[in-house]
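# A look at the structure
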Amino acid sequence: SGGARDMAGLGAPEQGTGPGPVPATRVELTVSCRQLLDRDTFSKSDPLCVLYTQRPGSHQWREFGRTEVIDNSLNPDFLRKFVLDYCFEERQNLRFDLYDVDSKSPDLSKHDFLGQAFCTLGEIVGSAGSRLEKPLTGVPGKKCGTIILLAEELGNCRDVATLQFCANKLDKKDFFGKSDPFMVFYRSNEDGTFTICHKTEVVRNTLNPIWAAFAIPVRALCNGDHDRAIKVEVYDWDRDGSHDFIGEFTTSYRELARGQSRFNVYEVVNPRKKMKKKKYLNSGTVTLLSFAVEAEHTFLDYIRGGTQLNFTVAIDFTASNGNPSQPTSLHYMSPFQLNAYSLALRAVGDIIQDYDSDKMFPALGFGAKVPPDGHVSHEFPLNGDASNPACCGIAGVLEAYQRSLRRVQLYGPTNFAPVVNHVARSAATVLDGSQYFVLLIITDGVISDMAQTKEAIVNAAKLPMSIIIVGVGQAEFDAMVELDGDDIRISSRGKVAERDIVQFVPFRDYMSGGPGAGLSMAGLAREVLAEIPDQLLSYMKARGIKPPPIPP
């Protein structure tokens, strides 16, 4: 049905009661190359680009698709696009191989190899204007030219319509009072069935109700087909759930989009009454009072417009982790494998770094006695530089973490509020949507300053920031689940957080070790990052920030 047309953006789930999963965002890749190797003696190369992808957790490359062949060109702009499902929370590895095609054979070994490039989908999307240029490599001793990759989110009807209706002279259904009317909207499917997509509120005791305006994604109303029937049923609400049917009418998105006009006054008809009574006209009328439509922005709109994700790491250096020189310690540095802190840091950091152009990541520790005087600190820089705690790349953060373990003495208590407030101070200086801050706290879990942390989170919820907490070790993480606020929104001193900004995940759920360890780390990253796009959108929406136009 409609191919790309019904692919949902990364927006909120469809409102109303329409079930069904919202598909992933789809991204279209356009490939161009410049200054390719010339392999043909008498003419220029005839290039073809082949894209390979990997399944999450697998290192095996699978062919995803091929462009067309362009004759006699060292600077091809390929017409055939690659359409991929995009997941922010996954590391999606891509490989582009270029060949000079010499015959009609589909066997690539029969053609000359012109070079290749590796990247992630996140790297392309996270580049300025979602345009990435990379050198092609792979032919020893030769310059292979460059590849240019452009990512565009497929336009999938991201419009949201806001509608308001009233009714006149509806049938009286209640014995004592007037009716209590409400309406139910259904979109029609390809096979002629109907799917519920919206219910209005009930207006009590009136035959002339004015319902509140409501917003609904256009795709929920008509699945992108403006002429498809929309059925509306009008009911009289009854406390026992046996609502009385007043009547129905049909319309379409195209008709509704005309706005308030004589075309948008509908007779509410009860077919059974119509069959029985010759003189029956209708059971009242419903009138469209207003109609407006605007585009719903997606996470990628902001990323393409230049919003940068700033990533800060905070690591728990409390004594409950165990003595780092002992193999039982959560901070133990084995020569053979990374510890839980390093694994969690890599899993999350490897993905987020694609969206941070300077790749400089502030890294803090908390709960240790620090040199020179051995005072307890809850926000010390892992690199030892208080004026600039940023480390270069995820590798730089890991190195600073390992150096700190040798420098500081694990102590306590476990206080989160200082590192939350540290990042909140930075976030409070850029409220314009150009930057969004993500704090990763890795902890063994038993928190000492719950009240202060709740207050810090409630204050941070007003700022462009999200907090990810990964719990390592075997402790009970009840307090972390409370901070997560998925079930009950967190509050402090009677003030409720205006957004849910915390995501907590226990690391042990992803510990498989052995050959499947890569897969479990991908799962960990997926779990902790899945909420970030919606959290970023909720901040932008609350502040009325629109994505900037894409740079030329």
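Cut-offs applied
Residues numbered from 1 in each chain as written. Predicted model: local features only at pLDDT ≥ 70, side-chain atom pairs only at ≥ 80, totals over all residues. Heavy atoms only, no water. pLDDT = per-residue confidence, 0-100. Contact = heavy atoms within 4.5 Å. Pairing = 2+ DSSP bridges. Helix = DSSP H or I, 4+ residues; strand = E, 2+ residues; numbered from the N terminus. Axes fitted to C-alpha atoms, helices over the stretch in contact; angles between N-to-C directions. Phe/Tyr/Trp six-rings, centres within 6.5 Å; stacked < 30°, edge-to-face > 60°. Buried < 20%, exposed > 50% of the residue type's maximum accessible area, 1.4 Å probe, protein only. Lys NZ or Arg CZ within 6 Å of the ring centre and 35° of its normal. Core = buried A, V, L, I, M, F, W, Y, C linked by side-chain atoms within 4.5 Å. Domains from an automatic or database assignment. 1 Å grid on protein atoms, 1.4 Å probe; cavity = no way out; pocket = protein on both sides within 12 Å on 5 of 7 lines; lining within 4 Å. Points joined across faces, edges and corners; volume = space filled by probe spheres on them. Nonpolar A, V, L, I, M, F, W, Y, C, P; charged D, E, K, R; others polar. Salt bridge = Lys/Arg side-chain N within 4 Å of Asp/Glu carboxyl O. Right-handed = clockwise from strand over helix to strand, strands pointing away. Expected span 1.5 Å × (residues − 1). Polar contact = N/O pair within 3.5 Å; in protein donor to acceptor, adjacent residues only side chain to side chain.

## Overview of the confidence of the model for the protein chain
- This prediction gives the protein chain a mean pLDDT of 90; 93% of its residues lie at or above 70.
- Across residues 1-23, confidence stays below pLDDT 50; counting only partners more than four residues off in sequence or on other chains, it has 53 contacts.

## Considering the sheet that holds strand β11 (residues 194-199)
- Read from one edge of the open sheet, four strands run β11-β10-β13-β14, paired in antiparallel fashion. Every other strand in the sheet has two partners, leaving β11 and β14 (244-252) as the edge strands with one partner each. Along the sheet, successive strands turn relative to each other by an average axial angle of 25 degrees, direction set aside.
- With eight bridges joining them, strand β13 (residues 229-236) and β14 adopt antiparallel strand pairing. When the sheet's bridge partners are listed, glutamate 233 is paired in β14 with glutamate 248.

## Considering the packing of aromatic side chains
- Scanning the entire structure with this criterion turns up 19 aromatic pairs.
- Taken together, a centroid distance of 6.3 Å and an interplanar angle of 50 degrees make the contact between phenylalanine 299 and tyrosine 355 tilted. Remark: tyrosine 355 occurs in the loop between α6 (340-352) and β18 (360-366) and phenylalanine 299 occurs in helix α5 (residues 299-304); sequence separation between them is 56 residues. Of the two residues examined, phenylalanine 299 and tyrosine 355, each falls in the buried class.
- When the ring of phenylalanine 311 is compared with that of phenylalanine 361, the centres are 5.6 Å apart and the planes differ by 75 degrees; the resulting orientation is edge-to-face. In this pair, phenylalanine 311 is assigned in strand β17 (residues 308-316) and phenylalanine 361 in strand β18, connecting sequence segments 50 residues apart. The burial state of phenylalanine 311 is the same as that of phenylalanine 361; both residues are buried.
- By the ring-pair criterion, three or more aromatic residues cluster together here, those being Phe317, Tyr341, Phe380 and Tyr401.
- The lysine or arginine in question, lysine 231, covers the ring of phenylalanine 194, its NZ or CZ lying 4.5 Å from the ring centre.

## Regarding the nonpolar core
- Core analysis: the largest hydrophobic core is formed by 85 residues, its most contacted members being Leu29, Phe96, Phe317 and Leu529.
- Top element by residues in this core is α6. It accounts for eight residues.
- Residue-level mapping places this core at the junction of two domains, with at least three residues from each of domain 1 (25-154) and domain 3 (307-445 + 458-472 + 491-506 + 520-543).
- Look past the residues within four positions of phenylalanine 96 in its chain and what remains in contact with it is Leu29, Val31, Cys49, Val50, Leu51, Phe82, Gly115, Gln116, Ala117, Cys119, Ile147 and Leu149.
- Counting 33 residues, the second-largest nonpolar core is a separate cluster that includes Val430, Met450, Val458 and Ile467.

## With respect to the side chain of serine 252
- With respect to the helices and strands, serine 252 occurs in strand β14.
- Once you skip the residues sitting within four places of it in the chain, serine 252 turns out to touch His226, Asp227, Arg228 and Ile230.

## Here's the deal with the sheet that holds strand β2 (residues 47-53)
- What the four strands build is an open sheet, ordered β3-β2-β5-β6; its pairing is antiparallel. At either margin of the open sheet sits one strand with a lone partner, and together these are β3 (62-66) and β6 (112-120). With strand direction ignored, the average angle separating the axes of adjacent strands in the sheet is 25 degrees.

## So, unusual backbone geometry
- Here the bond from proline 371 into proline 372 is cis, since omega is 0 degrees, no more than 30 degrees from zero.
- Locating proline 372 in the fold gives a position in the loop between β19 (368-370) and β20 (375-377).
- Put simply, glycine 412 and proline 413 share a cis peptide bond, and its omega is -5 degrees.
- Position of proline 413 relative to the elements: it lies in the loop between β23 (409-410) and α8 (417-427).
- A positive phi angle, near 55 degrees, is found at asparagine 205, a position not held by glycine.
- For asparagine 205, the position within the fold is in the loop between β11 and β12 (214-217).
- Residue class for asparagine 205 comes out partly exposed when judged on its relative accessible area of 46%.

## Examining empty space enclosed by the protein
- Following the criterion strictly, the structure yields two cavities of 30 Å³ or more and no others.
- Taken as a whole, the largest cavity encloses approximately 50 Å³ of empty space.
- As for the largest cavity, its lining consists of Tyr86, Cys87, Phe88, Glu90, Arg91, Gln92, Thr120, Gly122, Ile351, Asp354 and Tyr355.
- Classifying every residue of the lining of the largest cavity gives five nonpolar, three polar and three charged.
- Looking at the lining of the largest cavity, you find at least three residues from each of domain 1 (25-154) and domain 3 (307-445 + 458-472 + 491-506 + 520-543).
- Approximately 40 Å³ is the volume attributed to the second largest cavity.

## Things to note about the pattern of salt bridges
- The full count for this structure, using the stated rule, is 20 salt bridges.
- For the salt bridge of arginine 26 with aspartate 85, the shortest nitrogen-to-oxygen distance reads 3.2 Å. One end of the pair, arginine 26, is in strand β1 (residues 25-34); the other, aspartate 85, is in strand β4 (residues 82-86), with 59 residues separating them in the sequence.
- On the basis of relative accessibility, which here comes to 23%, the residue arginine 26 falls in the partly exposed class.

## Remarks on the pairing of β17
- Counting buried positions over the nine residues of β17 gives nine, a clear majority of the element.
- Burial of the side chains of β17 extends over both faces: Gln308, Asn310, Thr312, Ala314 and Asp316 are buried on one face and Leu309, Phe311, Val313 and Ile315 on the other.
- Pairing between β17 and strand β24 (residues 435-443): eight bridges, direction parallel. Looking at the pairing, asparagine 310 lines up with phenylalanine 437 of β24.
- Handedness of the crossover joining β17 and β18 through α6 is recorded here as right-handed.

## Considering the domain arrangement of the protein chain
- Domain assignment breaks the protein chain into domain 1 (25-154), domain 2 (159-295) and domain 3 (307-445 + 458-472 + 491-506 + 520-543).
- For domain 1 versus domain 2, the separation of C-alpha centres amounts to 51 Å.

## With respect to α6
- Its 13 residues give α6 an end-to-end C-alpha distance of 18 Å, which sits within 8% of 18 Å, the value for a rise of 1.5 Å per residue.
- For α6, the buried fraction is high: ten of the 13 residues fall into the buried class.
- The backbone nitrogen of tyrosine 341 lies 3.1 Å from a side-chain oxygen of the residue at the head of α6, namely asparagine 339.

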